[in-house]
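These are the residues of each chain, in order.
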Amino acid sequence: MDLDALTKHSAFHAKPDGLILQYGTAGFRTKAEHLDHVMFRMGLLAVLRSKQTKSTIGVMVTASHNPEEDNGVKLVDPLGEMLAPSWEEHATCLANAEDQNLQSVLMDISEKVAVNLHQDAFVVIGRDTRPSSEKLSQSVIDGVTVLGGQVHDYGLLTTPQLHYMVYCRNTSGQYGEATTEGYYEKLSKAFVELTGQAFCSGDDHRKLKVDCANGIGALKLGEMKPYFSQGLSVQLFNDGSGGKLNYFCGADFVKTHQKPPQGIEMKSSERCCSFDGDADRIVYYYQDVDGHFHLLDGDKIATLISSFLKELVLEIGESLNIGVVQTAYANGSSTRYLEEVVKVPVYCTKTGVKHLHHKAQEFDIGVYFEANGHGTVLFSKAAETKIKQLAKELEDKKSKAAKMLENVIDLFNQATGDAISDMLVIEAVLALKGLTIQQWDALYMDLPNRQLKVKVADRQVISTTDAERQAVKPPGLQEAINDLVKKYKLSRAFVRPSGTEDVVRVYAEADSQVSWDRAVEGKGRDRLTELEEGGSRREA
Ligand code: G16
């Protein structure tokens, strides 16, 4: 390690006095102007992680659903998954080290994780379309090169594409070719083969309107369109040519406000969807003939996909176990539908793809979706091998089902939730089953629900347990929630600090909107005010 060079370069990326940040739900996120030193240091850390794992490591510069003025960074581990939890702690230590202690903290981490400093390191970098992202990714590159690591800068990428690249590179191309063309070709081939088996694919079935949140999704979906145009025609809105990133548009806006984004022309019964700012989340929606808006979120996606997979598995007659993973935000109706109608076991984890992904790896086929539209399906290596073998061996109906499963494996991004890949899977399932969006929506009725963001002086005063469904601190908060929910039928509520924004999130559902509004808009709000420490301002 060239310590002189490190000292010299770190002086260009000084840490603002007193700034403390934490590696949260999806890495570091805050206002872009506070992140230069964090980017440089994450470049350093990526080199250590690469040396330790003897693998390519990814660094993604994005703040995904956050406002345009924010930015963020996260590291991607060898198989395209989120950074291991023990390394999140190292990331937090390194980001918060005072400038004069940077060297010693870095050496400490190297010793703790037993890094061979002579090992080569290789880091790949991607970034979203935020105005601040290009400069910040240069700081990451500075960090990597000062420690002698090699860099490949992919430039503009969706977050799931960067995860895909890392996975491809660490499997010597077995998972796919580590280029955007490789990604487009792999997914499109699987999609076209899969939809080729659909009976009905009338013109309306093949059209989809996509709100791209004025983000990177527009650019990448635009590039990819010609690869799958024989199976689907997509029309892009909020493509970044005019509006602001995630502003009154995108998956997070649509999910939390339960209304259509601005900038999309929606006719009754047309199938529409929204990506978020880095294209790792997707939600669907439509407007009925009476002008009512209907949202099909991550829970509806999980049920559609789980039912489809369950049918295929039954068809091939193999005992592959399917498990579905959700979070506390999952609508109670979706969980009931999955358990009672689809008859698959459902598990609940803490918020954050890293938690769901980990749990989903326990099954032959692990379906995971957060209600906000972030998710994918994982196939174990054993399941994949079995399915591929059956696709070759079996005859007739069984072989058709096995071949479909084979295509589904290729179509899902096995590294992380991916809006483009999920969109293609959903479109394929709807076409294969001949379902309209209304029929999909009618599979079950959501319990009325709401999510609020509450701005408080210090969100960390709230801590939770039981997959974030129970608050343990501050004292009295859980009792107050219990008092409220017991008055309403099928009601449930929880409060948790966000890991990506400086807010507390409040979720509640009940058998009717009236019950919900009484619970949260009335006494619940007053009680929350009493419990907040240090005064507060709140936003819905
Ligand atoms: C990130 C995570 C998601 C999480 C979301 C909100 O999404 O990847 O798993 O659900 O943040 O997290 P929190 O409620 O802790 O703020 P994205 O799309 O912003 O990367």
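Residues numbered from 1 in each chain as written. Predicted model: local features only at pLDDT ≥ 70, side-chain atom pairs only at ≥ 80, totals over all residues.

### A short note on the sheet that holds strand E10 (residues 293-296)
Either a parallel or an antiparallel arrangement is found when strands of a sheet pair, and the pairing is made through backbone hydrogen bonds.
Right, on to step 1. The sheet built from five strands is open, its strands ordered E7-E6-E8-E9-E10 with mixed pairing. A strand with exactly one partner marks an edge of an open sheet, and here the two such strands are strand E7 (233-237) and E10. Strand-to-strand twist in this sheet, taken as the mean axis angle between neighbours without regard to direction, amounts to 30°.
Right, on to step 2. Here strand E6 (residues 207-211) runs beside strand E8 (residues 272-275); their pairing, made up of three bridges, is parallel. Bridge pairing links Asp 211 to Ser 274 in E8.
Right, on to step 3. Strands E6, E7 and E8 of the sheet are contacted by helix H8 (residues 216-228), whose axis makes an angle of about 155° with E7.
Right, on to step 4. With respect to the sheet, helix H15 (residues 419-433) is in contact with E6, E8 and strand E9 (282-287), its orientation differing from that of E9 by roughly 50°. (Pairing = 2+ DSSP bridges. Helix = DSSP H or I, 4+ residues; strand = E, 2+ residues; numbered from the N terminus. Axes fitted to C-alpha atoms, helices over the stretch in contact; angles between N-to-C directions. Contact = placed C-beta atoms within 7 Å.)

### Points about the nonpolar core
Right, on to step 1. One finds Met 42, Val 123, Ile 305, Val 367 and Leu 411 to be the most contacted residues of the largest nonpolar core, which totals 136 residues.
Right, on to step 2. For this core, the element with the highest residue contribution is H15, accounting for 10 residues.
Right, on to step 3. One finds Leu 447, Leu 452, Leu 484 and Ala 508 within the second-largest nonpolar core, a separate group that totals 21 residues. (Core = buried A, V, L, I, M, F, W, Y, C linked by C-beta atoms within 7 Å. Buried ≥ 20, exposed ≤ 12 C-beta atoms within 10 Å, placed from the backbone.)

### As for the environment of Ala 251
Right, on to step 1. With respect to the helices and strands, the residue Ala 251 is situated in helix H9 (residues 251-257).
Right, on to step 2. Judged by local crowding, Ala 251 falls into the buried class, with 31 C-beta atoms found within 10 Å.
Right, on to step 3. Between the C-alpha atom of Ala 251 and that of Thr 25, which follows or precedes it by 226 residues, the distance is 18 Å.
Right, on to step 4. In contact with Ala 251, not counting residues within four places along its chain, are Ala 213, Ser 274, Phe 275, Asp 276, Arg 281, Ile 282, Val 283, Asn 372 and Gly 373.

### What about the domain arrangement of the protein?
Right, on to step 1. Per the domain assignment, the segments of the protein are domain 1 (3-156), domain 2 (183-296), domain 3 (298-417) and domain 4 (449-539).
Right, on to step 2. The C-alpha-based centres of domain 1 and domain 2 are spaced at 32 Å.
Right, on to step 3. Taken residue by residue, the interface counts nine residues in domain 1 and 13 residues in domain 2.
Right, on to step 4. Along the lines of polarity and charge, the residues of the side of domain 1 that touches domain 2 split into two nonpolar, four polar and three charged. (Domains from an automatic or database assignment. Nonpolar A, V, L, I, M, F, W, Y, C, P; charged D, E, K, R; others polar.)

### Overview of the site of the ligand
Right, on to step 1. Around the ligand sit 18 residues in total, of which Thr 25, Ser 64, Ser 498, Gly 499 and Thr 500 are the nearest.
Right, on to step 2. Of the residues belonging to the shell around the ligand, the class tally is two nonpolar, 10 polar and six charged. (Near = placed C-beta within 6 Å.)

### Topic: the pairing of strand E14 (residues 375-379)
Right, on to step 1. Within E14, five of the five residues are buried, which leaves it mostly tucked inside the rest of the structure.
Right, on to step 2. Note that strand E13 (residues 365-369) and E14 share five bridges and pair antiparallel. Paired with Tyr 368 across the bridge in E14 is Thr 376.
Right, on to step 3. Hairpin connection between E13 and E14: a loop of five residues separates the two successive antiparallel strands, and Gly 373 in this loop has a positive phi of roughly 100°.

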